[in-house]
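What the coordinates show
So you can see what is in the structure, the chains are spelled out below.
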Amino acid sequence: MGYVVMPDHVHLLISEPAKITPSVALKALKQRVSRDLRKSNRRVSDAQLRLSFMSADASLPRFWQPRFYDFNVYSRRKKREKLE
């Protein structure tokens, strides 16, 4: 329904997928973006390096934080507020 990319995170307004959970949908999105970034072999800028997170073993940089935070939009009014 909507999204905004912030300097160090992204906001998504999505409906719950019919066949999978939001967690599975976000996992697929994160994997796709990460794979596409690795395939591109682009040079990483200083700004991008500041956004990377360390993996559990603290040796490999991550593009995404390990989890997400959700907020349930419960009315049309709240949906409009979030989209604006």
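1. Observations regarding the overall build of the chain
- Assigned secondary structure in the chain consists of 3 helices and 4 strands.
- Going from N to C terminus, the chain has its helices and strands arranged as β-β-α-α-β-β-α.
- If you take every contact in the chain between residues at least 6 apart in sequence, the share linking residues at least 24 apart comes to 42%.

2. Some words on the pairing of strand E2 (residues 10-13)
- In the sheet, strand E1 (residues 2-5) pairs with E2 via 4 bridges, with the strands oriented antiparallel. The partner of Gly2 across the bridge, within E2, is Leu13.
- Linking two consecutive strands that pair antiparallel, namely E1 and E2, is a turn of 4 residues.

3. Thoughts on the packing of aromatic side chains
- Summed over the entire model, instances satisfying the criterion amount to 0 aromatic pairs.
- The ring centre of Phe71 lies 4.6 Å from the NZ or CZ of Lys82, which sits over that ring.

4. Examining the pattern of salt bridges
- Under the counting rule described, the total for this entry stands at 3 salt bridges.
- Where Glu81 meets Lys78, a salt bridge forms, and the shortest distance between an N and an O atom there is 3.3 Å. Placement of both Glu81 and Lys78 in helix H3 (residues 76-83) is noted, with a separation of 3 residues, approximately one turn of the helix.
- The class of Glu81 is partly exposed, set by a relative accessible area of 44%.
- Taking the relative accessible area as the measure of exposure, Lys78 reaches 15% and is therefore buried.

5. Re a nonpolar patch on the surface
- Nonpolar side chains collect at one region of the surface, where Tyr3, Val5, Val10, Leu12, Ile14 and Leu29 lie side by side and expose about 570 Å² of accessible area between them.
- Sorting the residues of the nonpolar patch by element identifies E1 and E2 as the ones contributing at least two each.
- By the element assignment, Tyr3 lies in strand E1.

6. A short note on the environment of Lys82
- Within the element layout of this structure, Lys82 appears in helix H3.
- Owing to a relative accessible area of 43%, Lys82 belongs among the partly exposed residues under this scheme.
- Here Lys82 is in contact with Leu13, Phe71 and Val73, once residues within four sequence places are set aside.

Parameters and conventions
Residues numbered from 1 in each chain as written. Predicted model: local features only at pLDDT ≥ 70, side-chain atom pairs only at ≥ 80, totals over all residues. Heavy atoms only, no water. Helix = DSSP H or I, 4+ residues; strand = E, 2+ residues; numbered from the N terminus. Contact = heavy atoms within 4.5 Å. Pairing = 2+ DSSP bridges. Phe/Tyr/Trp six-rings, centres within 6.5 Å; stacked < 30°, edge-to-face > 60°. Lys NZ or Arg CZ within 6 Å of the ring centre and 35° of its normal. Salt bridge = Lys/Arg side-chain N within 4 Å of Asp/Glu carboxyl O. Buried < 20%, exposed > 50% of the residue type's maximum accessible area, 1.4 Å probe, protein only. Patch = residues over 30% accessible without salt bridge, like charges linked within 9 Å, V, L, I, M, F, W, Y side chains within 5 Å. Areas by Shrake-Rupley, 256 points an atom, 1.4 Å probe, with all protein chains shown as cover.

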